[in-house]
Amino acid sequence: DQQVKQNSPSLSVQEGRISILNCDYTNSMFDYFLWYKKYPAEGPTFLISISSIKDKNEDGRFTVFLNKSAKHLSLHIVPSQPGDSAVYFCAASGRGGGSNYKLTFGKGTLLTVNP
Amino acid sequence: GAGVSQSPSNKVTEKGKDVELRCDPISGHTALYWYRQSLGQGLEFLIYFQGNSAPDKSGLPSDRFSAERTGGSVSTLTIQRTQQEDSAVYLCASSFGTRGYNEQFFGPGTRLTVL
């Protein structure tokens, strides 16, 4: 039973355009959401996060939107650059202490930004 | 400052052998997590350490898997009598702790291949 779903295994966009990566979750106990970026042969690197008390968080070219009622979040990258080409993982964490901070990941979306 | 390091980077073993994977977290990080990524899958939580204790081992797939952490630092993940389905990339992450939401920093992973 996948609690975090990324339904698009891949996405291809042109340089300079917007990239939109989507993520859905089923567990209503999740209240913190993160996006990680992964290059081949490297570990995932943190990109941006959002708490459930917010519906938007922006950091430079990256914006994450959260729709709690729909249990949906998205990552927008504007403008997209070739260096953004990587696998993007959506992850979620529950509230409280201890191991509730373990992350539940989606399967990832491979983003390719074409020059 | 050094990031999370893992060794070996690659490990090829024969079915039935034991393997030991090592993780050196970022200095000062009290929380340590092990995840694995099987082919075509997202990252799957295995075990969480707070200091030297492991309050959550719920992700370990079988009793062939065990992990320990000593001195609140280095952790080893041991897989006994390896099976082909154990083939995956094993990732370690560390964070400052579990008070509030703390970004998890990932190592580059150990790619385990069981022949």
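**Regarding the overall build of chain A**
Argument step 1. Scanning chain A from N- to C-terminus turns up zero helices and 11 strands.
Argument step 2. For chain A, the α and β elements follow one another from N to C terminus as β-β-β-β-β-β-β-β-β-β-β.
Argument step 3. Its C-alpha atoms give chain A a radius of gyration of 14 Å, near enough to 13 Å, the size a compact globule of 115 residues would have.
Argument step 4. In terms of overall dimensions, chain A has C-alpha extents of about 45 × 30 × 25 Å along its principal axes.
Argument step 5. The buried share of chain A, reckoned over its 115 residues, is 44%.
Argument step 6. Counted over contacts in chain A with a minimum sequence separation of 6, partners at least 24 positions apart contribute 54%.
Argument step 7. Both charge centroids of chain A, one from 12 positive and one from 9 negative side chains, sit 5 Å from each other.

**Quick word on the interface of chain A and chain B**
Many authors give the size of an interface as the accessible area that is lost as the parts come together.
Argument step 1. With 22 residues of chain A at the interface, the matching set in chain B holds 21 residues.
Argument step 2. Of the roughly 1700 Å² buried between chain A and chain B on both sides combined, carbon and sulfur atoms contribute 61%.
Argument step 3. Inspection of the chain A/chain B interface yields one salt bridge.
Argument step 4. Among the ionic pairs, aspartate 56 of chain B bridges to lysine 102 of chain A, the shortest N-O distance being 3.3 Å.
Argument step 5. Those elements that provide at least two residues to the side of chain A that touches chain B are strand 4 (30–38) and strand 9 (86–94) of chain A.
Argument step 6. Here the side of chain A that touches chain B gets four residues from one element, more than from any other, and that element is strand 4 of chain A.
Argument step 7. A class-by-class count of the residues in the side of chain A that touches chain B yields nine nonpolar, seven polar and six charged.

**A look at the pattern of salt bridges**
Residues and elements named next belong to chain B.
Argument step 1. Tallied over the entire structure, the rule returns six salt bridges over all chains.
Argument step 2. Residue aspartate 24 is joined to arginine 22 by a salt bridge in which the shortest nitrogen-to-oxygen separation is 2.8 Å.
Argument step 3. The exposure class assigned to aspartate 24 is partly exposed, which follows from its relative accessible area of 22%.

**So, unusual backbone geometry**
Argument step 1. That bond from valine 78 of chain A to proline 79 of chain A is cis: its omega, -10°, falls within 30 degrees of zero.
Argument step 2. Following the sequence through the fold, proline 79 of chain A ends up in the loop between strand 8 (72–77) and strand 9.
Argument step 3. In this model, serine 7 of chain B is joined to proline 8 of chain B through a cis peptide bond whose omega is -10°.
Argument step 4. Unusually for a residue other than glycine, alanine 41 of chain A sits at a positive phi of about 65°.

**Describing the state of the cysteines**
Argument step 1. Scanning all chains against the criterion turns up two disulfides over all chains.
Argument step 2. Each disulfide pairs two cysteine sulfurs, and for cysteine 23 of chain A the partner residue is cysteine 90 of chain A, the sulfurs being separated by 2.0 Å. Measuring handedness by torsion sign, the sulfur bridge of cysteine 23 of chain A and cysteine 90 of chain A sits at about -75° and is left-handed. Separated by 67 residues along the polypeptide, cysteine 23 of chain A in strand 3 (residues 19–25) and cysteine 90 of chain A in strand 9 bring together distant segments of the chain. Like cysteine 90 of chain A, cysteine 23 of chain A is buried.
Argument step 3. Here cysteine 23 of chain B connects covalently by a disulfide to cysteine 92 of chain B, the sulfurs 1.9 Å from one another. An S-S torsion of about -65° defines the bridge between cysteine 23 of chain B and cysteine 92 of chain B as left-handed. You can see cysteine 23 of chain B sitting in strand 3 (residues 19–24) and its partner cysteine 92 of chain B sitting in strand 9 (residues 88–95), a full 69 residues away along the chain.

**A look at the sheet that holds strand 8 (residues 75–79) of chain B**
Residues and elements named next belong to chain B.
Argument step 1. Ordered by their spatial adjacency, four strands build an open sheet running 1-3-8-7, and the pairing between neighbours is antiparallel. In the strand order of this sheet, the two ends are held by strand 1 (5–7) and strand 7 (65–69), each with one partner. Across this sheet, the average inter-strand angle for adjacent strands is 15°, counted without regard to direction.
Argument step 2. In terms of strand pairing, strand 3 meets strand 8 through five bridges, oriented antiparallel. Paired with leucine 21 across the two strands is leucine 77, which belongs to strand 8.

The rules behind these values
- Residues numbered from 1 in each chain as written.
- Chains lettered and ligands numbered in written order.
- Predicted model: local features only at pLDDT ≥ 70, side-chain atom pairs only at ≥ 80, totals over all residues.
- Heavy atoms only, no water.
- Helix = DSSP H or I, 4+ residues; strand = E, 2+ residues; numbered from the N terminus.
- Rg over C-alpha atoms; globule rule 2.2 N^0.38 Å.
- Buried < 20%, exposed > 50% of the residue type's maximum accessible area, 1.4 Å probe, protein only.
- Contact = heavy atoms within 4.5 Å.
- Lys, Arg positive; Asp, Glu negative; His and termini not counted.
- Charge placed at Lys NZ, Arg CZ, Asp CG, Glu CD.
- Buried area = accessible area lost by both parts, 1.4 Å probe.
- Salt bridge = Lys/Arg side-chain N within 4 Å of Asp/Glu carboxyl O.
- Nonpolar A, V, L, I, M, F, W, Y, C, P; charged D, E, K, R; others polar.
- Disulfide = S-S within 2.5 Å.
- Pairing = 2+ DSSP bridges.
- Axes fitted to C-alpha atoms, helices over the stretch in contact; angles between N-to-C directions.

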